Amino acid sequence: MASADDPNFVPRTYRVSHVTTYSYEDGEVSTCFERGMLELRNTPSQQVLESFIDISPEPSVISSHRDHFGNHSSYIEIHTPYTELKVTKIGSVRIAWPPVDIERLNQFTVDQAVRRVADMGPGDVEQLTAVESSTFVLPSRLVEFSDEVLAYARLHLPGDRPMGDALLGLTRGIYADFRYVKGVTSTKTALSEVLALRAGVCQDFAHLAVGCLRMVGLPARYVSGYIETQPAPGKVKLAGSDASHAWVSVAVPLGSPDDRTDGVEWIDMDPTNDHFADSRYIVTAWGRDFSDVSPLRGLVFTEAESSTLDVAVDVIRQPEELANG
């Protein structure tokens, strides 16, 4: 169990830059309609200090609203012909994740935790809304329920296993059982394919963890964001070399089996890297699966036969004197 003095739980400030460029070399785009998660969101673990979006060419229409899950959802229309679309998202955030108390969670078995969360009505507690208590226990477009997913879930989440150990087991199990391989899956890959391949990327591993948790009855959401990375020893971190990341958040009961404390705690787990979320993790949005939180997607009208996509992400920790200035 991580302690409060673990360096990865020390509060810190980051500046995030995410630049997405679509290029069309053999024809112009006459019109486009795009929607995406272009702003970071405030959460119990992070405070957004700055948010800036730049789009070139300048949109004819741009608007933003809070979606079904409380994310910032941006909509743009461009009616000016172009051969390159460049969307720049910049934000500064203050991060302070708490360590996960495995010993407290281990007071519940998985079955006890499921029953306690299920007994909570949507009006019992602010942390578990009507959306979360229903939507996040159901299958979704990219998180299907199947015998294969349930069998894998039961390996790590048997009903009599202590809750904290079960969450650790699922996180470490996916990390150990699956290889991180780019290009073998896509944004539409089903869990059955991931289980058969035993390989994928963070999106796939987050979807699998979400599916396992939901199938045993625990509300779980897909989280999209960023993680601070470090270059290999002796190497310099290259500009634009970071990437978007995905992990899973699960609702577990507060209190203990003998202490009827209404409310839930959301625990964020990263099976791609085999640990719980800490102060290196920055949240953009969450939903049922990737289809709810796509960074940018839409419809374009063009005679171009091909396009290229370039994404450059920088997650830069800020000196504390700047953070406190």
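Note: the structure precedes this text.
Residues numbered from 1 in each chain as written. Predicted model: local features only at pLDDT ≥ 70, side-chain atom pairs only at ≥ 80, totals over all residues. Heavy atoms only, no water.

Caption draft 1: Representation of the packing of helix α4 (residues 147–156) against helix α7 (residues 202–215) in the model. Remark: α4 packs on α7, axes separated minimally by 9 Å, with the N-to-C direction vectors making an angle of 85°. With respect to α7, the axis of α4 lies roughly perpendicular. Contact residues: α4 offers V149, L150, Y152 and A153, while α7 offers L208, G211, C212 and M215. Grouping the amino acids of the contact of α4 with α7 by side-chain chemistry returns seven nonpolar, one polar and no charged. (Axes fitted to C-alpha atoms, helices over the stretch in contact; angles between N-to-C directions. Helix = DSSP H or I, 4+ residues; strand = E, 2+ residues; numbered from the N terminus. Parallel < 35°, antiparallel > 145°, perpendicular 65-115°, else oblique. Contact = heavy atoms within 4.5 Å. Nonpolar A, V, L, I, M, F, W, Y, C, P; charged D, E, K, R; others polar.)

Caption draft 2: Local environment of the sheet that holds strand β11 (residues 264–270). Ordered in space as β12-β11-β10-β9-β13, the five strands form an open sheet in which the pairing is antiparallel. Two strands in the sheet have a free side with no partner beyond their single neighbour: β12 (275–276) and β13 (281–287). With seven bridges joining them, strand β9 (residues 220–227) and strand β10 (residues 244–253) adopt antiparallel strand pairing. Bridge pairing in β10 links G225 to H245. Where helix α2 (residues 110–119) meets the sheet, its contacts fall on β10 and β11, and the angle it forms with β10 comes to roughly 85°. Against the sheet, α7 touches β9, β10 and β13, its axis set at about 15° to β10. (Pairing = 2+ DSSP bridges.)

Caption draft 3: Structural detail: the pattern of salt bridges. Counted according to the given criterion, the structure contains seven salt bridges. Through salt bridges with shared partners, a single network forms among R12, E228 and R317. (Salt bridge = Lys/Arg side-chain N within 4 Å of Asp/Glu carboxyl O.)

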